[in-house]
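# Chains, contacts and geometry: an overview
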Amino acid sequence: MSVKVIMANVSGFCSGVKRALGLAYDACKQCAGQVYVAGELVHNKKVMENVETAGVKLLRDCDLEKITSKDALLIRAHGCPRGQRAKFHKLFNIVIDGTCPHVGRVSKMIECESGKGKHIIVIGDKFHPEVQTLVSFAKDDKVDIINFEEELDHLQDNLDQVLVIAQSTIDESSFKSFANKISKIYPNAEIKNTICSSSRRRQQAILYFKKEGVQAVVVAGGIHSNNTRTLAQIAKKIGLPAFHVETATDLPIQKLKTFQVIGVIGGASTDEETTKEMVADLLALEN
Ligand code: SF4
């Protein structure tokens, strides 16, 4: 019997990644010098290889002495912390802002609300570049990052003006659970669910898989990609075995053969082609 494969109704790059990649390719065509990017433009090996082939180079410390007036620096979709951005403007004549507009809007919100005296709590991963960008916009370090339950115990007492926001790609149900707990600590806390629409739609697609009778989920995307990892975690949380793989050749075929209905979804930084290749390979399976 052949395996039934259901592809999620949302796939391909999210709008932020698409925009940053477009800026990267345009810069390679138009810039007379070298186009640099500080950190991976997206957390996806294949996409990064394509971008590097087009001419974008990851900025390393040893490049700093070689920068010429013709070189350009591209800020990635995650954004970059304010201090670092200021340094880039000193170093480069051309700075191209590839920050996702959603991240830009949340950064402005943090700047504005912390300027009014609010203490900001970001639910997310403190090591993720987007979170590092967001917290850099809080005035006078009035900010905390929460990723684990026990970190709630370290929040300050007696704050009456608190704004809680989310990293754009985190699991919506865990954001809501943290927000509930924080509301008990600070009853006046304002909660803004700033998970972006692309992440929310992909997370909902996983929940929908379950309703459609999917027995296992394949999540296509970079191993270091936060949004892709979150999708796999959500699938596991609702009781679906999840396989997070970067390319079709990484598919654990023998294991996948044991399921009759498989759902396939790509992360926000996964090209549609990769997801479709996986679907084609899975459709060829017999069990
Ligand atoms: S995942 Fe969301 S916030 Fe991140 S780049 Fe894509 S659209 Fe922007």
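Residues numbered from 1 in each chain as written. Predicted model: local features only at pLDDT ≥ 70, side-chain atom pairs only at ≥ 80, totals over all residues.

## As for helix α4 (residues 101-115)
Counted only if it meets this: Runs of E in the DSSP output that reach at least two residues are strands. Runs of H or I that reach at least four are helices, and both are numbered from the N terminus. The span you would expect from a helix comes to 1.5 Å times its residue count less one. Counting other C-beta atoms within 10 Å of its own, a residue is labelled buried from 20 upward, exposed at 12 or fewer, and partly exposed in the gap between, with every C-beta atom placed from the backbone. Picture the helix axis, draw a direction to every C-beta atom, and the arc is the one those directions span. By definition, residue pairs are in contact when their C-beta atoms, positioned from the backbone, come within 7 Å.
In a regular helix each residue adds 1.5 Å, so 15 residues correspond to 21 Å; α4 covers 21 Å between its end C-alpha atoms and thus fits that length. Residues of α4 that are buried include every one of H102, V103, V106, S107, I110, E113 and S114, and no others. All buried residues of α4 project into a common sector of 140° when viewed along the axis, lining one side. Projecting away from the buried face of α4 at angles above 90 degrees are the exposed residues R105 and K108. The inward-facing, buried residues of α4 abut α1 (15-30), β6 (119-123), α5 (129-135) and β8 (162-166). Trailing α4 by a residue or two, G117 shows a phi angle of about 105°, which is positive.

## As for the sheet that holds strand β3 (residues 56-58)
Rule in force here: A pair of strands is labelled paired if DSSP reports no fewer than 2 bridges between them. Interaxial angles span 0 to 180 degrees and are taken between N-to-C directions of axes, which are lines fitted to C-alpha atoms, for helices over the stretch in contact.
Pairing within the open sheet is parallel, and its four strands lie in the order β3-β2-β4-β5. Two strands in the sheet have a free side with no partner beyond their single neighbour: β3 and β5 (94-97). Ignoring which end each strand starts from, the neighbouring axes of this sheet average 30° apart.

## Section: the nonpolar core
What counts, and what does not: Think of a nonpolar core as buried Ala, Val, Leu, Ile, Met, Phe, Trp, Tyr and Cys residues chained together by C-beta atoms that fall within 7 Å.
Ranked by size, the top nonpolar core spans 51 residues in total, and within it V17, A24, L74, I120, V122, I123 and I165 carry the most contacts. Residue contributions to this core peak at six residues, all from α1. Dropping the residues within four chain positions of it, A24 is found in contact with V35, V37, L41, V51, V56 and L74. Listed in part, the 26 residues of the second largest apolar core include V218, I234, I262 and I265.

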